[in-house]
Amino acid sequence: MSNKPLIAVWGSPNSGKTVTTIKLAQALATKKKNVLVLCCDALCPSVSTIAPQGASDHRSLGELLSLPTLTQEDLLRYALPLDVSPRIALLGYKKGDNAFTYASYNRERAVDLLTLARHLADVVLVDCSSFLSADPLSTVALELADHVIRLHSCDLKSLMFYASYLPLVSDTRFRRSNVLSILSNVKPEQDSREYSQVLGGIEVILPHVPQLEQQAAAAQLLNDCSGKEAATYSKTLQFIMTQLSPGEKPSSASSQIKNHSHSLSRIPLLLQQLWKKCRGDK
Ligand SMILES: Nc1ncnc2c1ncn2[C@@H]1O[C@H](COP(=O)(O)OP(=O)(O)O)[C@@H](O)[C@H]1O
Ligand SMILES: [Mg+2]
């Protein structure tokens, strides 16, 4: 079994990590990729804000990480498949979880979880916590990721965040070549040029889309967006995907890919079935 792409989305608090992760997951799903999204933020658990309908009975990533052993079946039991987008499943903390709810876990456990996740989905997207010191899973995801999407916002808080954190992630265990730096949620009146110059290395600008802001506020991020601004946003996401090229293989390997995608195409169904079983549905 080959490892599937692992993409870590990381950045300053409120920079748009969760919004970007979900919209990227949807864009990947429309390209027929099965996407497992790990929502690592334990400070503000986000699953209930993304999929409020199914979230009341979903199981916590914190509980999964503190199980005595970890298997693929465990991941499938804990993942929440999305009714509206069956190619996407979420794994994250539950509403009400806090730092003391579950036993702490170590680095090896985080590696195990990410390794198992990469065998289950076509793409694993990790919505990292900004605060790496409190979250081994995000830290390990940044170390192992094939691609890191680094989100910055046009404000002083984001600059201060990076001034503190960039020295930490300049350690050699975090590969630098795989980072895509993005200025996120940029409003028309904001001076993206100046911030790009100050930050350096910004490759993409993701615009502010009022409809996205409304979706985030109303726990409707899984809805589609429409209109001119949304079209620009969507084009930018397509560009980001070309930079990441998750799962793209040379054409000579096409037959292998066919066989593999055949078995993987069963995963969302499997997730659905297991999830129904967990909920006790017939
Ligand atoms: N591209 C965007 N357009 C409009 N609003 C956005 C966009 N990206 C993020 N936001 C807004 O910023 C807020 C924070 O985004 P979120 O993804 O929750 O940040 P993070 O996960 O980094 O803390 C959202 O609630 C939403 O209002
Ligand atoms: Mg978030």
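For the structure itself, look to the data block above.
Owing to the predicted nature of the structure, the values given are computational and were not obtained by experimental measurement. (Residues numbered from 1 in each chain as written. Chains lettered and ligands numbered in written order. Predicted model: local features only at pLDDT ≥ 70, side-chain atom pairs only at ≥ 80, totals over all residues. Heavy atoms only, no water.)

J.: How should unusual backbone geometry be read in this particular structure?
T.: Although it is not a glycine, Lys32 sits at a positive phi angle of roughly 65°. Residue classification places Lys32 among the exposed residues on the basis of a relative accessible area of 60%. A positive phi angle, near 55°, is found at Asn185, a position not held by glycine. Assessed through its relative accessible area of 37%, Asn185 is described here as partly exposed. (Buried < 20%, exposed > 50% of the residue type's maximum accessible area, 1.4 Å probe, protein only.)

J.: Is there a simple way to think about empty space enclosed by the protein in this case?
T.: One simple way to see leftover space: roll a probe sized like a water molecule over the atoms. A full pass over the atoms with the stated rule returns two cavities of 30 Å³ or more. The computed volume of the second largest cavity comes to approximately 60 Å³. In terms of lining, the second largest cavity is formed by Trp10, Leu142, Val148, Arg150, Val169, Phe174, Arg175, Asn178 and Val179. Split into classes, the residues belonging to the lining of the second largest cavity amount to six nonpolar, one polar and two charged. (1 Å grid on protein atoms, 1.4 Å probe; cavity = no way out; pocket = protein on both sides within 12 Å on 5 of 7 lines; lining within 4 Å. Points joined across faces, edges and corners; volume = space filled by probe spheres on them. Nonpolar A, V, L, I, M, F, W, Y, C, P; charged D, E, K, R; others polar.)

J.: Could you clarify how one ought to interpret the packing of helix H1 (residues 17-30) against helix H11 (residues 228-244) in this entry?
T.: How two helices pack is summed up by the angle between their axes together with the distance between the axes. In the contact formed by H1 and H11, the axes pass within 10 Å of each other and the chain directions differ by 75°. Viewed along their axes, H1 and H11 adopt a mutual orientation that is roughly perpendicular. Residues Val19, Thr20, Lys23, Leu24, Ala27 and Leu28 of H1 lie in contact with H11, whose contacting residues are Tyr233, Leu237, Ile240, Met241 and Leu244. Across the contact of H1 with H11, the residue classes tally to nine nonpolar, one polar and one charged. (Axes fitted to C-alpha atoms, helices over the stretch in contact; angles between N-to-C directions. Helix = DSSP H or I, 4+ residues; strand = E, 2+ residues; numbered from the N terminus. Parallel < 35°, antiparallel > 145°, perpendicular 65-115°, else oblique. Contact = heavy atoms within 4.5 Å.)

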